[in-house]
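Notes for the structure review
The primary structure of each chain is shown beneath.
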Amino acid sequence: FTLIVAQLMTVGFGGLRQWREIWRAGPMTVFSLIGCLYAIGDFLELESLGSLSGPAYQVLSQSKLIVTALMLWGIKGTKQAGLQ
């Protein structure tokens, strides 16, 4: 349902030209790879919950921000802005 609503909103706000842009192979490949890596990370996080203490879990959870920045830099070549 959410995917259908998002598609309709894209057509409604940006027209067919904008809708076609989100289905280009380049961006789809990049975001699919990032999505798969996040899915693997989430699976590993859930697997480790049983054996981690509370503080260790917090460190693991907060490290996602650093991992995201590194993935953006490594995969897309995007650097973080000074405020980020």
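Conventions used here
- Note that residues are indexed from 1 along each chain, following the sequence as it is written.
- For a predicted model such as this one, the threshold for reporting local features is a pLDDT of at least 70, and the threshold for listing and counting side-chain atom pairs is 80 or more; totals across whole chains, interfaces and linings nevertheless cover every residue.
- Side-chain figures throughout are based on the complete set of non-hydrogen atoms in the structure, without hydrogens or water.
- Comment: elements are numbered from the N terminus, with helices defined as DSSP H or I runs of at least four residues and strands as E runs of at least two.
- The reference for a compact globule is 2.2 Å times residues^0.38; the radius of gyration itself is calculated from the C-alpha atoms.
- Shrake-Rupley sampling with a 1.4 Å probe provides the accessible areas, and residues are treated as covered by the protein chains on show and by no other component.
- Any carboxyl oxygen of Asp or Glu within 4 Å of a side-chain nitrogen of Lys or Arg constitutes a salt bridge here.
- Burial classification: accessible surface area is computed with a 1.4 Å probe over protein chains only, and a residue below 20% of its type maximum counts as buried, one above 50% as exposed, and the rest as partly exposed.
- Expected helix span is taken as 1.5 Å per residue step, with the number of steps being one fewer than the number of residues.
- Bend is the name given here to the angle between axes fitted to two runs of seven residues, the run ending at a residue and the run starting at it.
- Each residue gets a pLDDT score, which is the predictor's confidence in that residue and runs from 0 to 100.
- A fitted line through C-alpha atoms represents every axis, and for helices the fit uses only the stretch in contact; the resulting angles, taken between N-to-C directions, go from 0 to 180 degrees.
- For classification purposes, angles smaller than 35 degrees are called roughly parallel, those larger than 145 roughly antiparallel, those between 65 and 115 roughly perpendicular, and all remaining angles oblique.
- Two helices cross in a left-handed way if the nearer one is turned anticlockwise from the farther one by less than a right angle. They cross in a right-handed way if the turn is clockwise.
- Note on contacts: a residue pair is in contact if any heavy atoms of the two residues lie within 4.5 Å.

1. Observations concerning the overall build of the chain
Each helix and strand in the chain was counted, giving three helices and zero strands. Computed over its C-alpha atoms, the radius of gyration of the chain comes to 17 Å, more than 25% above the 12 Å expected for a compact globule of 84 residues. Its C-alpha atoms give the chain principal-axis dimensions of roughly 50 × 35 × 25 Å. Of the accessible surface of the chain, which amounts to about 6,900 Å², a share of 71% is contributed by carbon and sulfur atoms.

2. A short note on the pattern of salt bridges
Under the definition given, this model contains one salt bridge. The residue Glu21 makes a salt bridge to Arg24 at a minimum N-O spacing of 2.8 Å. Using a relative accessible area of 36% as the deciding quantity, one classes Glu21 as partly exposed. The exposure class assigned to Arg24 is partly exposed, which follows from its relative accessible area of 44%.

3. Considerations on the environment of Val67
Among the structural elements, Val67 can be located in helix α3 (residues 54-76). Sequence spacing of Val67 and Tyr38 is 29 residues, and the spatial spacing of their C-alpha atoms is 9.8 Å.

4. Details of helix α1 (residues 2-21)
Given 3.6 residues to a turn, an α-helix orients residues that are three or four positions apart in the same direction. Taking 1.5 Å of rise per residue, 20 residues should cover 28 Å, yet α1 covers just 19 Å from first to last C-alpha, more than 12% shy of that figure. Along α1, the helix axis deviates most sharply at Gly14, where the bend reaches about 125°.

5. A short note on the confidence of the model for the chain
The predicted model of the chain averages 84 in pLDDT, with 92% of residues at 70 or higher. Per-residue pLDDT, averaged within each element of the chain, yields its smallest value for α3 (82) and its largest for α1 (90).

6. Overview of the packing of helix α2 (residues 25-48) against α3
It is at 12 Å that the axes of α2 and α3 come closest, and there the two elements cross at 160°. Our classification of the angle between α2 and α3 gives roughly antiparallel. Taken as a pair, α2 and α3 cross one another with a handedness that is right-handed. Judged by residue contacts, Val30, Phe31, Leu33, Ile34, Leu37, Tyr38, Asp42, Glu45 and Ser48 of α2 engage Tyr57, Leu60, Lys64, Thr68, Met71, Ile75 and Lys76 from α3.

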